[in-house]
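Chain residues, written in single-letter form:
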Amino acid sequence: VQLQASGGGLVQPGDSLRLSCAASGVTGSSVTMGWFRQAPGKERDFVAGIRWSGGSAWYADSMKGRFTISRDNAKKTVYLQMNSLKPEDTAVYYCAAGIGLIRSTATDQSRYSYWGQGTLVTVSS
């Protein structure tokens, strides 16, 4: 299993950024892909999750309306579109894969078995 996150960078407040997570070896119908983030000095938090099959998606309440998770089954890639970025969105963003997750468990990072290396997003003027 390999998860390769990319797309991070330095942006200004209000800008948009799209993160990508290329997955291999973990794209079955029971798989949920998640994005988490860890800000400096803080714990890692759930951002969004999506099922490969059917595309059901979930978001942390604070991300709703600004972030959108999507997937391209053919490319085996999950995306996180982030709009109206704020300085407090600065963090290392990780993608992860879990098996058999549902809405109530998809937010729990301990339920994810596979993790990518993370990509740094810095929002600063």
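For the structure, check the block above.
The rules we used
- Residues numbered from 1 in each chain as written.
- Predicted model: local features only at pLDDT ≥ 70, side-chain atom pairs only at ≥ 80, totals over all residues.
- Heavy atoms only, no water.
- Helix = DSSP H or I, 4+ residues; strand = E, 2+ residues; numbered from the N terminus.
- Rg over C-alpha atoms; globule rule 2.2 N^0.38 Å.
- Buried < 20%, exposed > 50% of the residue type's maximum accessible area, 1.4 Å probe, protein only.
- Contact = heavy atoms within 4.5 Å.
- Areas by Shrake-Rupley, 256 points an atom, 1.4 Å probe, with all protein chains shown as cover.
- Lys, Arg positive; Asp, Glu negative; His and termini not counted.
- Charge placed at Lys NZ, Arg CZ, Asp CG, Glu CD.
- Pairing = 2+ DSSP bridges.
- Salt bridge = Lys/Arg side-chain N within 4 Å of Asp/Glu carboxyl O.
- Disulfide = S-S within 2.5 Å.

Time to look at the overall build of the protein chain. The secondary structure content of the protein chain amounts to 0 helices and 11 strands. Reading the secondary structure of the protein chain in the N-to-C direction produces β-β-β-β-β-β-β-β-β-β-β. Relative to the 2.2 N^0.38 estimate, which gives 14 Å for 125 residues, the radius of gyration of the protein chain is 13 Å and therefore close to what a compact globule would have. Every one of the 125 residues in the protein chain was classed for burial, and the buried ones make up 42%. If you take every contact in the protein chain between residues at least 6 apart in sequence, the share linking residues at least 24 apart comes to 57%. When the accessible surface of the protein chain is summed, it comes to about 6,200 Å², and 43% of that surface belongs to carbon and sulfur atoms. Counting 13 positive and 8 negative side-chain charges, the protein chain places the centres of these two groups 8 Å from one another.

The sheet contact formed by strand S4 (residues 31-38) and strand S5 (residues 44-51) spans 7 bridges and is antiparallel. When the sheet's bridge partners are listed, Thr32 is paired in S5 with Arg51. Two successive antiparallel strands, S4 and S5, enclose a turn made up of 5 residues, where Gly41 displays a positive phi of approximately 75°. Pairing of S5 with strand S6 (residues 57-59) involves 3 bridges; the strand directions are antiparallel. Bridging from a neighbouring strand, Gly49 pairs with Trp58 of S6. Between S5 and the antiparallel strand that follows it, S6, lie 5 residues; Gly54 among them carries a positive phi value of about 90°.

Considering all chains together, one arrives at 4 salt bridges under this definition. With a closest N to O distance of 3.3 Å, Asp61 and Lys64 form a salt bridge. Considered together, Asp61 and Lys64 belong to a single accessibility category, that of exposed residues. Residue Asp89 is joined to Arg66 by a salt bridge in which the shortest nitrogen-to-oxygen separation is 2.7 Å. Pair noted here: Asp89 is in the loop between strand S8 (77-82) and strand S9 (91-99) and Arg66 is in the loop between S6 and strand S7 (67-72), with a separation of 23 residues, a long-range link. Since its relative accessible area comes to 13%, Arg66 is described here as buried. Taken together, the shared-partner salt bridges in this structure form one network comprising Arg37, Arg66 and Asp89.

Evaluation of the coordinates by the stated rule reveals 1 disulfide. Disulfide pairing is shown between Cys21 and Cys95; the S-S distance is 2.2 Å. Handedness here is read from the sign of the S-S torsion; for Cys21 and Cys95, about 65°, the answer is right-handed. Of this pair, Cys21 sits in strand S3 (residues 17-24) while Cys95 sits in strand S9, and the two are 74 residues apart along the sequence.

All quantities given are derived from atomic positions and should not be read as evidence of function.
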